[in-house]
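For reference, the chains in residue letters:
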Amino acid sequence: MRHSLTARLTITFVVITVTCFSVVGFLLFQAVSRRIYIHDQTNIMLDARHLRRLAEEMASPADVVAHKDRLIALVLGDNAEGLHVTDRDGHALVDHVPMGYELPAQPVVPADQRIVPESIRSWKDHDGNEIRGVATAATLQDGESITITVARSLADRTALLDKYRVDVALSLFTGLLVAVLLSYLLVRRALRPLRSMAESASAITAQRLSTRMPLQDAPTELLALAASLNDMLARLEQGFARVWQFTVDLAHDLRTPIGNLRGASEVALNRHRSTAEYEALLGSNIEECDRVSRTIESVLFLARAESPQFALQRVKLDTEQELHRIADYFEGLSSEAGVAIRVDASAIVHADRDLFRRAVNNLLSNALRYTPSGQTIDLRAANTEQGVDVIVENPGQGIDPEHLDKLFDRFYRVDRSRSDSANSTGLGLSIVKSIMELHGGSVSVQSQADCTRFTLHFPHIQRSV
């Protein structure tokens with residue numbers, strides 16, 4: 001069975017309150033009981049001492065009988081306290097027990113021995129009430145010995161403690177009711193910002209990602225949570241915007257070749273064509289299909305790269321050999337464009353061989369597209385304190401600063417007219433960024449008026465000891 005947070009906190013506070021009340025009530029009850037016990041014990045001892053001292057001033061047992069009122073006066077005022085004096089033969093000289101309980105024989109404290117708390121004995125009367133008392137011997141002036149017994153019934157004390165116990169139980173029950181009510185009201189009030197956050201969260205939809213959690217009334221404990229949720233919503237909003245833009249751009253890039261395929265096919269079907277024209281049409285259609293295939297393959301690669309299950313196959317790569325191999329691969333394209341490729345590398349990098357080549361290939365392909373004829377593209381690699389930097393630098397018209405931060409976005413092109421869209425999917429630099437993130441590195445770009453430099457940074461691999 002699920003309980004609300006308000007109910008759970010209320011129950012917790014009530015349990016704590018009841019526990020505290022119970023412990024405090026028990027301790028107070030024990031303290032009162034002990035205080036009463038000590039008080040009665042002290043009175044019994046003092047009365048026994050006074051009676052023994054007074055008896056020692058009397059001449060004989062007959063004198064004790066004659067002055068019994070003086071002895072009884074010491075215990076008057078407390079109906080629960082009784083006095084019993086007997087001579088050496090056990091005959092009663094004084095018998096004052098207002099409540100009528102029995103005073104059985106018990107050990108007698110000698111006349112020359114001090115009466116202490118350990119001298120007091122306890123027994124039960126016929127009603128089950130506890131009685132405490134002490135018996136002490138006293139020597140009269142004629143040498144006769146008498147026994148003085150002082151006792152007190154605890155029936156009234158027991159009744160008082162029972163009433164106190166009931167009062168404590170009633171107080172505990174009343175405190176429980178008050179604690180339940182106040183705890184519920186206070187907890188509900190304290191959780192009001194949380195309910196407000198829940199209401200705000202329920203209003204968030206895919207069309208209202210701009211909604212944010214209220215921070216102005218959030219308590220300190222929830223402020224960090226609300227701020228984290230707002231940051232998450234901002235990332236989601238940005239992600240949704242990117243997905244939407246990605247979808248729009250992908251649809252645009254796929255619509256063009258598909259439209260070309262359909263248009264060329266419809267034109268070819270309008271009238272009979274020669275074999276050469278049909279061959280040219282098929283060749284053009286294959287080019288458009290290749291373009292669609294490249295776009296789809298790039299999109300699939302980005303999707304796989306963002307999957308947590310994507311695993312790198314890191315190996316030790318000699319950057320000089322790898323960059324020369326890449327330069328040789330582009331030799332035909334570079335010769336056709338009248339551009340030279342120069343390699344200067346002397347570093348070892350731990351990276352996935354295929355992904356390393358793909359990242360450099362994309363940068364080099366991009367550099368060839370914008371390098372004027374007769375110029376040289378530089379491929380360099382060198383060790384740094386943090387790792388290895390692989391640089392692709394090409395001369396040519398620089399990139400405006402307003403575009404630099406967006407170059408690695410999917411389908412982003414500096415040329416807004418997409419005049420070169422037939423040769424570019426707009427995903428090359430996004431793939432480079434994903435590859436570097438998989439390696440734990442980064443890609444950066446610096447552009448001046450006459451050259452542009454892309455830098456791939458591969459960090460050192462931390463070896464476990």
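The structure presented is a predicted model; accordingly, all values stated were derived computationally and were not measured.

Chemist: Before we go on, may I ask you to explain the overall build of the chain in this structure?
Modeler: Regarding its fold elements, the chain presents 12 helices and 13 strands. A buried classification covers 37% of the 465 residues belonging to the chain. Partitioning the intrachain contacts of the chain with sequence separation of at least 6 by distance along the chain shows that 65% fall at a separation of at least 24. For the chain, the computed accessible surface area is about 27600 Å², with 55% contributed by carbon and sulfur atoms.

Chemist: Sorry if this is basic, but what is going on with a positive patch on the surface here?
Modeler: A contiguous patch of positive charge on the surface is contributed by Arg188, Arg189, Arg192 and Arg195. If you list the elements that add at least two residues to the positive patch, you get helix H4 (155–190) and helix H5 (192–202). Note on placement: Arg192 falls in helix H5. Given the relative accessible area of 46%, Arg192 is considered partly exposed.

Chemist: What is the right way to look at the environment of Ala340 in this model?
Modeler: Mapped onto the elements, Ala340 comes out in strand E8 (residues 340–345). Spatially, the C-alpha atoms of Ala340 and Asp378 are 8.6 Å apart, while their sequence positions differ by 38 residues.

Chemist: Help me understand helix H10 (residues 353–370) in this model?
Modeler: The periodicity of an α-helix, 3.6 residues per turn, causes residues three or four places apart in sequence to face the same way. Its 18 residues give H10 an end-to-end C-alpha distance of 26 Å, which sits within 8% of 26 Å, the value for a rise of 1.5 Å per residue. Those residues of H10 that sit buried are Leu355, Phe356, Ala359, Val360, Asn362, Leu363, Leu364, Asn366, Ala367 and Leu368. By the N-cap criterion, in which a side-chain oxygen at the helix start approaches the backbone nitrogen of a residue two or three places on, H10 is capped by Asp352, the distance to Asp354 being 3.1 Å.

Chemist: Help me understand the pattern of salt bridges in this model?
Modeler: Where charged atoms from two side chains of opposite charge approach closely, those side chains can pair. With the rule as written, the count across this model stands at 15 salt bridges. Residues Arg152 and Asp78 are paired through a salt bridge, measuring 2.9 Å at the closest nitrogen-oxygen approach. Taken as a pair, Arg152 in strand E6 (residues 145–153) and Asp78 in the loop between helix H3 (68–73) and strand E1 (81–86) lie far apart in primary sequence, 74 residues in all. Overall, the relative accessible area of 4% leaves Arg152 in the buried class. Where Arg165 meets Asp162, a salt bridge forms, and the shortest distance between an N and an O atom there is 2.7 Å. On the criterion of helical spacing, the pair formed by Arg165 and Asp162 is a turn pair, its members being three residues apart in helix H4. A residue is classified by how much of its surface remains accessible, and Arg165, at 42% relative accessible area, is partly exposed.

Chemist: Just checking my understanding: could you explain the packing of aromatic side chains for this structure?
Modeler: Aromatic rings in a pair are described by how distant their centres are and how their planes are angled relative to each other. Inspection of every chain in the model, using the stated rule, returns three aromatic pairs. Aromatic side chains Phe356 and Phe458 sit 5.7 Å apart centroid to centroid with 45° between the ring planes, which places their arrangement in the tilted category. Of the two residues, Phe356 sits in helix H10 while Phe458 sits in strand E13 (residues 451–459), which places them 102 residues apart along the sequence.

Chemist: Got a minute to help me understand the nonpolar core in this structure?
Modeler: With 39 residues, the main nonpolar core has Leu323, Phe356, Val390, Leu407, Leu456 and Phe458 as its most contacted residues. With eight residues, H10 is the largest single contributor of residues to this core. Those residues in contact with Leu323, other than ones at most four positions away along the chain, are Val343, Ala345, Phe356, Val360, Leu379, Arg380, Ala381 and Val390.

Chemist: Whenever I open this one, the pairing of strand E12 (residues 442–447) confuses me. Can you help?
Modeler: For a regular strand, side-chain orientation follows a simple rule: the groups alternate between the two sheet faces. Side chains Val443, Val445 and Ser447 of E12 all project onto a buried face; the interleaved residues Ser442, Ser444 and Gln446 project onto a face where none is buried. Across six bridges, the pairing between E12 and E13 is antiparallel. Its bridge partner being in E13, Ser447 is matched across the sheet by Thr452. Counted between consecutive antiparallel strands, the loop separating E12 from E13 contains three residues.

Chemist: Sorry, what's going on with the packing of helix H8 (residues 319–329) against H10 here?
Modeler: For the pair H8 and H10, the least separation of the axes is 11 Å and the interaxial angle reads 50°. What the angle tells us is that H8 and H10 run oblique. In this structure, H8 meets H10 at a crossing whose hand is right-handed. Of the residues in H10, those in contact with Glu322, Leu323, Arg325 and Ile326 of H8 are Arg353, Phe356, Arg357, Val360, Asn361 and Leu364. By residue class, the composition of the contact of H8 with H10 is five nonpolar, one polar and four charged.

Chemist: I would appreciate a short explanation of the packing of H4 against H5 in the present structure.
Modeler: The geometry of a pair of packed helices is captured by two quantities: the angle between their axes and the separation between those axes. At their nearest, the axes of H4 and H5 sit 4 Å apart, and the two run at 45° to each other. Of the possible angle classes, the one that applies to H4 and H5 is oblique. Between H4 and H5, the residues in contact are Arg188, Arg189 and Ala190 and Arg192, Pro193 and Arg195, respectively. Looking at the contact of H4 with H5 residue by residue, the classes come out as two nonpolar, no polar and four charged.

Chemist: Help me understand the sheet that holds E12, please; the structure alone is not making it clear to me.
Modeler: Two orientations exist for strands paired in a sheet by backbone hydrogen bonds: parallel and antiparallel. Judged by pairing direction, the sheet is mixed, and its five strands sit side by side in the order E8-E10-E11-E13-E12 without closing on themselves. Looking at the sheet topology across the chains shown, the edges are occupied by E8 and E12. The sheet shows a mean angle of 15° between the axes of neighbouring strands, direction not considered. Here nine bridges tie strand E11 (residues 387–395) to E13, and the two strands are oriented antiparallel to one another. From the neighbouring strand, Pro395 faces E13, where its bridge partner is Cys451.

Chemist: Got a minute to help me understand the side chain of Ser153 in this structure?
Modeler: In this structure, Ser153 sits in strand E6. At 3.3 Å, the side chain of Ser153 forms a polar contact with the backbone nitrogen of Ala155.

Chemist: Please explain a nonpolar patch on the surface as it appears in this structure.
Modeler: Nonpolar side chains collect at one region of the surface, where Val23, Phe26 and Leu27 lie side by side and expose about 300 Å² of accessible area between them. With respect to the helices, strands and loops of the structure, Phe26 is situated in helix H1 (residues 5–55). Judged by relative accessible area, which is 52%, Phe26 ranks as exposed.

What counts and what doesn't
- Residues numbered from 1 in each chain as written.
- Predicted model: local features only at pLDDT ≥ 70, side-chain atom pairs only at ≥ 80, totals over all residues.
- Heavy atoms only, no water.
- Helix = DSSP H or I, 4+ residues; strand = E, 2+ residues; numbered from the N terminus.
- Buried < 20%, exposed > 50% of the residue type's maximum accessible area, 1.4 Å probe, protein only.
- Contact = heavy atoms within 4.5 Å.
- Areas by Shrake-Rupley, 256 points an atom, 1.4 Å probe, with all protein chains shown as cover.
- Patch = residues over 30% accessible without salt bridge, like charges linked within 9 Å, V, L, I, M, F, W, Y side chains within 5 Å.
- Salt bridge = Lys/Arg side-chain N within 4 Å of Asp/Glu carboxyl O.
- Lys, Arg positive; Asp, Glu negative; His and termini not counted.
- Charge placed at Lys NZ, Arg CZ, Asp CG, Glu CD.
- Expected span 1.5 Å × (residues − 1).
- Polar contact = N/O pair within 3.5 Å; in protein donor to acceptor, adjacent residues only side chain to side chain.
- Phe/Tyr/Trp six-rings, centres within 6.5 Å; stacked < 30°, edge-to-face > 60°.
- Core = buried A, V, L, I, M, F, W, Y, C linked by side-chain atoms within 4.5 Å.
- Pairing = 2+ DSSP bridges.
- Axes fitted to C-alpha atoms, helices over the stretch in contact; angles between N-to-C directions.
- Parallel < 35°, antiparallel > 145°, perpendicular 65-115°, else oblique.
- Left-handed = near helix turned anticlockwise from the far one by under 90°.
- Nonpolar A, V, L, I, M, F, W, Y, C, P; charged D, E, K, R; others polar.

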